[in-house]
Amino acid sequence: MSWDEVEDILYDGTEKDIRNLVCPICGGNIAYEYTEEVPAFSYSCQKCGHISRGQGGPKPNCAAYFGNKAMVPVKTAKAI
Ligand SMILES: [Zn+2]
């Protein structure tokens with residue numbers, strides 16, 4: 001997987017796909033932040049420090065599922 005594919009999944013993936021996303025380089029957690037007012041979207045790996053800025057635009061699926069600011073993989077008790 002590449003970071004381009006990570007972005008595709010953050011925008012268009014299913015809840016399950018997004019919930020299980022990890023950094024394609026190091027397997028670390030990915031933190032993302034979507035700002036509706038701008039709109040702007042950025043995401044970064046918490047382990048290796050890779051950072052990307054998305055296109056903004058329409059609200060990404062990850063924000064719809066898990067809030068405008070969160071970290072994946074999402075660890076909750078909720079089973080899918
Ligand atoms: Zn990483």
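Here we summarise the structure given alongside this text. Nothing here was measured: the structure is a model prediction, and the numbers come from that model.

**Quick look at the pairing of strand β1 (residues 30–35)**
Successive side chains on a regular strand alternate, one facing one side of the sheet and the next facing the other.
Next, step 1: Burial of the side chains of β1 is restricted to one face: Ile-30, Tyr-32 and Tyr-34 are buried, whereas none of Ala-31, Glu-33 and Thr-35 on the reverse face is.
Next, step 2: Relative to strand β2 (residues 40–45), β1 runs antiparallel, the two sharing six bridges. Residue pairing in the sheet places Thr-35 in a bridge with Ala-40 of β2.
Next, step 3: The turn linking β1 back onto β2 is made up of four residues.
Next, step 4: Where β1 and strand β4 (residues 69–72) come together, four bridges link them in antiparallel fashion. Within β4, the residue paired with Tyr-32 across the bridge is Ala-70.

**Points about the nonpolar core**
Next, step 1: Formed by 14 residues in total, the largest nonpolar core has its most connected members in Leu-10, Ile-18, Leu-21, Ile-30, Tyr-32 and Cys-62.
Next, step 2: When contributions to this core are tallied by element, the ones reaching two or more residues are α1 (3–12), β1, β2 and α3 (61–66).
Next, step 3: If sequence neighbours within four positions are ignored, Tyr-32 has contacts with Leu-10, Ser-42, Tyr-43, Cys-62 and Ala-70.

What counts and what doesn't
Each residue is numbered by its place in its chain's sequence as written, counting from 1. Given that the model is predicted, a residue must reach a pLDDT of at least 70 before its local features are reported, and side-chain atom pairs must reach 80 or more before they are shown or counted; all residues, however, enter totals for whole chains, interfaces and linings. Labels follow a simple rule on C-beta atoms placed from the backbone: if 20 or more others lie within 10 Å of a residue's own, it is buried; if 12 or fewer, it is exposed; otherwise it is partly exposed. Under the DSSP-based scheme used, a helix requires at least four consecutive residues in state H or I and a strand at least two consecutive residues in state E, with every element numbered from the N terminus. Should DSSP find at least two bridges between two strands, the strands are regarded as paired. As used throughout, a nonpolar core is a set of buried Ala, Val, Leu, Ile, Met, Phe, Trp, Tyr and Cys residues joined through C-beta atoms within 7 Å of each other. We call two residues in contact whenever the C-beta atoms placed from their backbones are within 7 Å.

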